[in-house]
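Structural features, examined
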Amino acid sequence: MGACGRVGDDLAGVSARLTDGVIAEDLERIDRQEAEVRSLNGLGDAAAEYAVAKARAWMTVARTEYTDNDRSGFATHAFAQARSLAEAVRDARLEGVLATGQAPGSDLVRPDLWRVATEPKEHAWFSCTASLVGLLEVRLAWAGNEARTFGASDGGWHEVADEALAREAEAAAERCVPEPEPEPEPIPEPEPAPEPIPEPEPAPEPEPLPEAATLDLANRVHFAEGAFELTGETTEVLDGLAAVLQVYPEVTLVLRGQVVFSGDATENEGLARRRVSSVIGHLVGRGISRERLVVGSLIPGGNPLRSAPAGRRLGAAAWPELDRARERRVDITYRAPEHLPIRGRAQEDDIRRGG
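Scope of this entry: the structure provided in the associated data block. All chains use their own residue numbering, which begins from 1 and follows the written sequence. Two thresholds apply to this predicted model, a pLDDT of at least 70 for residue-level local features and 80 or more for giving and counting side-chain atom pairs, whereas whole-chain, interface and lining totals are computed over all residues. Hydrogens and water molecules were not included; the side-chain quantities draw on all heavy atoms of the structure.

Turning our attention to the side chain of Asp350. Within the fold, Asp350 resides in the segment after β6 (342-345). Only protein chains enter the accessibility calculation, which uses a 1.4 Å probe. A residue is then buried if its area is under 20% of the maximum for its type, exposed if over 50%, and partly exposed in between. His is not counted here, nor are the chain ends, while Lys and Arg score as positive and Asp and Glu score as negative. A carboxyl oxygen of Asp or Glu within 4 Å of a side-chain nitrogen of Lys or Arg is what we treat as a salt bridge. It is Arg220 that comes nearest to the buried, bridge-free Asp350 among opposite-charge side chains, at 8.5 Å. Whenever two N or O atoms come within 3.5 Å, that pair is a polar contact, provided that in protein one can donate a hydrogen and the other can accept it, and provided that, for residues adjacent in sequence, both atoms are side-chain atoms. For Asp350, the side chain forms a polar contact with the side chain of His222, separated by 2.8 Å. Here Thr234 takes part through its side chain, which lies 2.8 Å from a polar atom of the side chain of Asp350. Contact between two residues is taken to exist if any of their heavy atoms lie within 4.5 Å; hydrogens are not considered. Contacts of Asp350, omitting those with residues within four sequence positions, involve Val221, His222, Glu233 and Thr234. Secondary structure elements follow DSSP: runs of H or I no shorter than four residues count as helices, runs of E no shorter than two count as strands, and numbering proceeds from the N terminus.

A few words on helix α8 (residues 265-285). Given a rise of 1.5 Å per residue, 21 residues ought to cover 30 Å, and the 31 Å separating the end C-alpha atoms of α8 matches this to within 8%. Every buried residue of α8 is accounted for by Asn268, Gly270, Leu271, Ala272, Arg275, Val276, Ser278, Val279, Ile280, His282 and Leu283. Structurally, α8 contributes buried residues whose contacts are with β2 (220-222), α7 (232-247), β3 (252-257), β4 (293-295) and β5 (329-335). Looking one or two residues past α8, Gly287 carries a phi angle of roughly 95°, positive in sign. For a helix, the expected span equals 1.5 Å multiplied by the residue count minus one.

A fitted line through C-alpha atoms represents every axis, and for helices the fit uses only the stretch in contact; the resulting angles, taken between N-to-C directions, go from 0 to 180 degrees. In contact at an axis separation of 8 Å, helix α2 (residues 46-67) and helix α3 (residues 74-90) are set at 155° when each is read in the N-to-C sense. As summarised for this structure, α2 and α3 are arranged roughly antiparallel, according to the angle between their axes. Both α2 and α3 take part in a crossing whose hand is left-handed. Residues Ala48, Ala51, Val52, Lys54, Ala55, Trp58, Met59, Val61, Ala62, Glu65 and Tyr66 of α2 touch α3, and the partners they reach there are Phe74, Ala75, His77, Ala78, Phe79, Gln81, Ala82, Leu85 and Val89. When the residues that make up the contact of α2 with α3 are grouped by side-chain class, the tally is 16 nonpolar, two polar and two charged. The labels follow the angle: roughly parallel below 35 degrees, roughly antiparallel above 145, roughly perpendicular from 65 to 115, and oblique for the rest. Each helix crossing is assigned a hand: it is left-handed if the near helix lies turned anticlockwise from the far helix by less than a right angle, otherwise right-handed if that turn is clockwise. Residue polarity is assigned by list, with Asp, Glu, Lys and Arg as charged and Ala, Val, Leu, Ile, Met, Phe, Trp, Tyr, Cys and Pro as nonpolar; anything else, Gly included, falls into the polar class.

This paragraph deals with the pattern of salt bridges. In a structure, side chains of opposite charge can pair up when their charged atoms sit close to one another. All told, the structure shown has 15 salt bridges when counted by the stated rule. Residue Asp216 is joined to Arg345 by a salt bridge in which the shortest nitrogen-to-oxygen separation is 3.5 Å. With Asp216 in strand β1 (residues 215-218) and Arg345 in strand β6, the pair connects residues that are 129 residues apart, well separated along the chain. Exposure remark for Asp216: the relative accessible area of 38% places this residue in the partly exposed category. Within the structure, one salt-bridge network assembled from shared partners comprises Glu36, Arg90, Asp91 and Arg93.

Right, dumping it as structure tokens:
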């Protein structure tokens, strides 16, 4: 180990991250390693696709934990894992790449989700779930590190995203399990002379291609009255969304703020824009590229004073509480290739009533 606490191309040791120069060198190493990982392609090989997905996820962990000043050494472990997997894919040395061990500095959390991540490797249809399994393993190891560091028994904010990934992996596996072939019909005995001319057997019909998985993603998040800060429930929704977006880098988001109808129009438009900025900031903090987040036009607020028939128009105070809460939101629409269908879900788990 040299003066900077580094062996080869590893990151500096935790005790050596004391100067801007050391930190800048480490971040430059992370940038180079991320560029190499992004250039990898599994080319249809299940083990290679698994290794590529896992390497990308480890780089997300390495950058996040390093910039969060993690002192457990987990960022260094994540960087080394990503580099080792990238070398295995690049050099086509995939023997043993499917082995999964307990990451140092990480407790075992959610054994039920670990089973979802490890059991598919024993089946022929593993190729259908390879990328999702690789990402899920890293997410669970990360949750175990959070559990050890902060004492959260369930891995903290990771749990919602990990459960969503596990469900998606199980669904992909179910779509890939082949149907049993029907038993052949008995061949009738030939008639006595004259000898029959055998008919050619019909060509087998090609098996239908599996249908593309439809991603079920939230199409809105909500805010407290007069506020643009994210609530705990809203961050859980966005964390789950970010975990899926890391698997599908070709998906782009369009974010549009809803302008509430009551109060000063100019202030309400400014509040809607700040809410969009809060959503963007959180997703970028979870590893989603800013270039994938498009700011759309604001959505005008529905005003019951204008829409109600003459003679029974409602004042702002009479507007139902739930309708007012639903209006304080940012809408999300998705742009994706045709082979990746997305269904927007109007979730209300994070809705805030009465402020």
